[in-house]
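Residues per chain, in single letters:
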Amino acid sequence: MSDALHQHLHAALAAAPPAALCVAFSGGPDSSALLHALAQLPEARARGLRALHVDHGMHPDSAAWAAHCERFCATLDVPCEVLRVQVDGDTGSGLEAAARDARYAALATQLRDGEYLLLGHHRDDQAETVLLKLLRGAGPEGLGGMRALRPFGRGQLWRPLLELSRQQLRDYAEARQLDCIDDPSNRDTRLARNQLRHEILPRLAQHWPQAVDSILHSAALCRAAADALQTQWLAAFDALHDPASGSLDAHGWLALAPALREPLLDHWLHARGLSAPTSAQRRQIERQCGARAGQLPCIRWTGTELHIWKGRLWALPPERIVDADWQVPWHGEPLALPDGGELQLTVAGTRLAGPLHVRLRRGGERIKPDGDAHTRELRDLFQQAHLPPWQRNACPLLYADDELVAVADRWISTRGIAIFRRAGALPRWRPGR
């Protein structure tokens, strides 16, 4: 038990809360060393040590790798579950990022209440991460590198090896002759991280032998700065954020110092399950915050679109592409709409006497609301009601024959009122965005 890895993990577990332990196990040298070392520690086994392996299905040998991981865990008497995922390579973020997103989503789903998910990231991984963030124009939060501990799923994500080097883990694996997977993608220098790992960092070390130490020292200073700034931008977030609508005060956000503005925006977006913008997109958001009244700026990037409307920032997932001729008959049952929203009646189980046809806007629609002396254009009604622009094209229009009798649950004609009165219920619309 005198091995450096065992000693490190023994001390780490002693300092950590008594949570259950689950290792994200790829079968590579780093996670193999982590899992094997933990399996030698009675205190780790006492916490219900188990492993999760994600099979991305992207390599011809991925099924064989999953089987290898199951055998490896069986020799350690550690439970192992294989999670098979589908990687969407058409998100625009790149195949590597899409695989990572799919992997983390699967792991988060399988994590139990209060459980710690352990990753085999080490100090060399941390140096690579900091350099990647630097090249992408990150601020103190990004340049602080990977956090050792952060909330994840129903538990916590823990990186207990950030103080150890890649070589220490490889030495452990070689000394114990651990059978590890050699994923050829880890040598593909077309991938940004591999380019840094195999080309850039070795050349830096030739001229600056302490390069990794210096990078990690700077990362620690950035992490401390980011933590100090967080108290300020969290207070600003509480003042600028409207929990009811989920929007931010655009002018208040723009008035913040850049050191507060950027992490606040990222925090807001991530809390909504959306991605953060690039530096160029941030500058575009800042410019558009001063748009004239009547303009409806929208800044889009992969997985996110940000609208500036009525002096506030609104962040949404991308608009879905819908067939312009979409329409369906509706008898009053809960109806899934193309934008992810839903149309239903206010009384569950109620049925209409005859079907209405549900369509979306095609332009030029008009309705005479019950009790109104005039026929109104939908465009004017939407503006007067301050309906968000991104909801207008997704608003369900209800037709009896070819007559527009209801605009979702917002405006209903006299004929529409009669139809719904016979049913004993009114329409209810839940927008998808």
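Residues numbered from 1 in each chain as written. Predicted model: local features only at pLDDT ≥ 70, side-chain atom pairs only at ≥ 80, totals over all residues. Heavy atoms only, no water.

1. So, helix H2 (residues 29-39)
Formally: Burial classification: accessible surface area is computed with a 1.4 Å probe over protein chains only, and a residue below 20% of its type maximum counts as buried, one above 50% as exposed, and the rest as partly exposed. A helix here means a DSSP run of H or I that spans at least four residues, while a strand means a run of E at least two residues long, and both kinds are numbered starting from the N terminus.
Counting buried positions along H2 yields ten of eleven residues, so the element is predominantly enclosed. Looking only at H2, the buried set comprises Asp 30, Ser 31, Ser 32, Ala 33, Leu 34, Leu 35, His 36, Ala 37, Leu 38 and Ala 39.

2. Thoughts on the pairing of strand E5 (residues 149-152)
Stated precisely, the cut-off is as follows: One requirement defines pairing of two strands: DSSP has to find at least two bridges between them.
In the sheet, E5 pairs with strand E6 (residues 155-158) via four bridges, with the strands oriented antiparallel. In the strand pairing of E6, Pro 151 is matched with Gln 156. As consecutive antiparallel partners, E5 and E6 are separated by two residues, and within that stretch Gly 153 has a phi angle of approximately 55°, a positive value.

3. A word on the pattern of salt bridges
Here is the rule we go by: The salt bridge definition used is simple: a Lys or Arg side-chain nitrogen within 4 Å of an Asp or Glu carboxyl oxygen.
On inspection of all chains with the given rule, the structure shows 29 salt bridges. The salt bridge partner of Arg 351 is Glu 333, with a shortest N-O separation of 3.6 Å. With a gap of 18 residues between them, Arg 351 in the loop between strand E14 (342-345) and strand E15 (356-359) and Glu 333 in the loop between strand E12 (327-330) and strand E13 (335-336) connect regions that are remote in the sequence. Owing to a relative accessible area of 49%, Arg 351 belongs among the partly exposed residues under this scheme. On the basis of relative accessibility, which here comes to 25%, the residue Glu 333 falls in the partly exposed class. When the shortest N-O distance is used, the salt bridge between Asp 380 and Arg 379 registers 3.7 Å. Since its relative accessible area comes to 29%, Asp 380 is described here as partly exposed. Where salt bridges share partners, they join Asp 125, Glu 128, Arg 166, Arg 193 and Arg 197 into one cluster.

4. Concerning the pairing of strand E3 (residues 80-84)
Selection rule: The crossover handedness rule: strands pointing away from the viewer, path from first strand over the helix to second strand clockwise, crossover right-handed.
With five bridges joining them, strand E2 (residues 50-55) and E3 adopt parallel strand pairing. Considered in E3, the bridge of His 53 is made with Val 82. Taken together, E2, helix H4 (residues 62-76) and E3 constitute a β-α-β crossover, and its handedness is right-handed.

5. Notes on the packing of helix H10 (residues 211-240) against helix H12 (residues 258-271)
For clarity, the threshold we go by: Where helices are involved, their axes are fitted lines through C-alpha atoms of the stretch in contact, as for all axes, and angles between N-to-C directions lie from 0 to 180°. Note: crossing handedness is left-handed where the near helix turns anticlockwise from the far helix by less than a right angle, and right-handed where it turns clockwise. Only heavy atoms matter for contacts: two residues are in contact if any of them lie within 4.5 Å across the pair.
Remark: H10 packs on H12, axes separated minimally by 9 Å, with the N-to-C direction vectors making an angle of 65°. The element H10 and its partner H12 pack so that their crossing is right-handed. For the pair H10 and H12, the contacting residues are Leu 229, Gln 232, Trp 233, Leu 234, Ala 236, Phe 237 and Leu 240 in the first and Ala 259, Leu 260, Pro 263, Leu 264, His 267 and Trp 268 in the second.

6. Structural notes on the sheet that holds strand E1 (residues 21-24)
One open sheet accounts for six strands, arranged E3-E2-E1-E4-E6-E5; its pairing is mixed. The open sheet has two edge strands with one neighbour each: E3 and E5. Recorded for the sheet is a direction-independent mean angle of 30° between the axes of neighbouring strands. Here strand E4 (residues 116-118) pairs with E6 via three bridges, running parallel. Considered in E6, the bridge of Leu 117 is made with Leu 157. Its contacts with the sheet put helix H5 (residues 95-110) on E1, E2, E3, E4, E5 and E6, and the angle it makes with E2 is roughly 145°.

7. What to know about the packing of helix H1 (residues 4-15) against H2
Selection rule: Under this scheme an angle from 65 to 115 degrees is roughly perpendicular, one under 35 degrees roughly parallel, and one over 145 degrees roughly antiparallel; angles in between are oblique. Under the convention adopted here, Pro, Cys and the residues Ala, Val, Leu, Ile, Met, Phe, Trp and Tyr are nonpolar, Asp, Glu, Lys and Arg are charged, and Gly plus all remaining residues are polar.
Where H1 meets H2, the axes come as close as 10 Å, and the angle between the chain directions of the two elements is 70°. Between H1 and H2, the angle falls in the class roughly perpendicular. Residues Leu 5, His 6, Leu 9 and Leu 13 of H1 form the contact with H2, whose participating residues are Ala 33, Leu 34, Ala 37 and Leu 38. For the contact of H1 with H2, the per-class residue count stands at seven nonpolar, one polar and no charged.

8. Topic: the UniProt feature "binding site: ATP" (unreviewed entry) in the protein
Note the cut-off: UniProt positions are given in the numbering used here, feature names are shortened, and annotations may be inferred rather than shown by experiment. Two N or O atoms count as a polar contact when they lie within 3.5 Å, although within protein this holds only if one can serve as hydrogen donor and the other as acceptor, and sequence-adjacent residues are included solely when both atoms are side-chain atoms.
Under the feature "binding site: ATP" (unreviewed entry), the UniProt entry names Ser 26, Gly 27, Gly 28, Pro 29, Asp 30 and Ser 31. Considering the arrangement of structural elements, one finds Pro 29 in helix H2. Judged by its relative accessible area of 22%, Pro 29 falls in the partly exposed class. Beyond its immediate chain neighbours, meaning those up to four positions away, Pro 29 contacts Arg 170, Cys 180 and Ile 181. For Ser 31, the location among the structural elements is in helix H2. Residue classification places Ser 31 among the buried residues on the basis of a relative accessible area of 4%. Once residues within four sequence positions are removed from consideration, Ser 31 is found in contact with Ala 24, Phe 25 and Ser 26. Side chain to side chain, Ser 31 and Ser 26 meet in a polar contact 3.1 Å long.

9. A word on the UniProt feature "domain: Lysidine-tRNA(Ile) synthetase C-terminal" (unreviewed entry) in the protein
UniProt annotation of "domain: Lysidine-tRNA(Ile) synthetase C-terminal" (unreviewed entry) refers to residues 356-429 when read in the numbering used here. From the first C-alpha to the last, residues 356-429 spans 15 Å; its make-up is 28% helix and 30% strand.

10. Section: unusual backbone geometry
We note that Asp 77 has phi near 60°; this positive angle belongs to a residue other than glycine. With respect to the secondary-structure elements, Asp 77 resides in the loop between H4 and E3. Here Asp 77 falls in the exposed class, since its relative accessible area comes to 62%. Even without being glycine, Asp 401 reaches a positive phi, approximately 60°.

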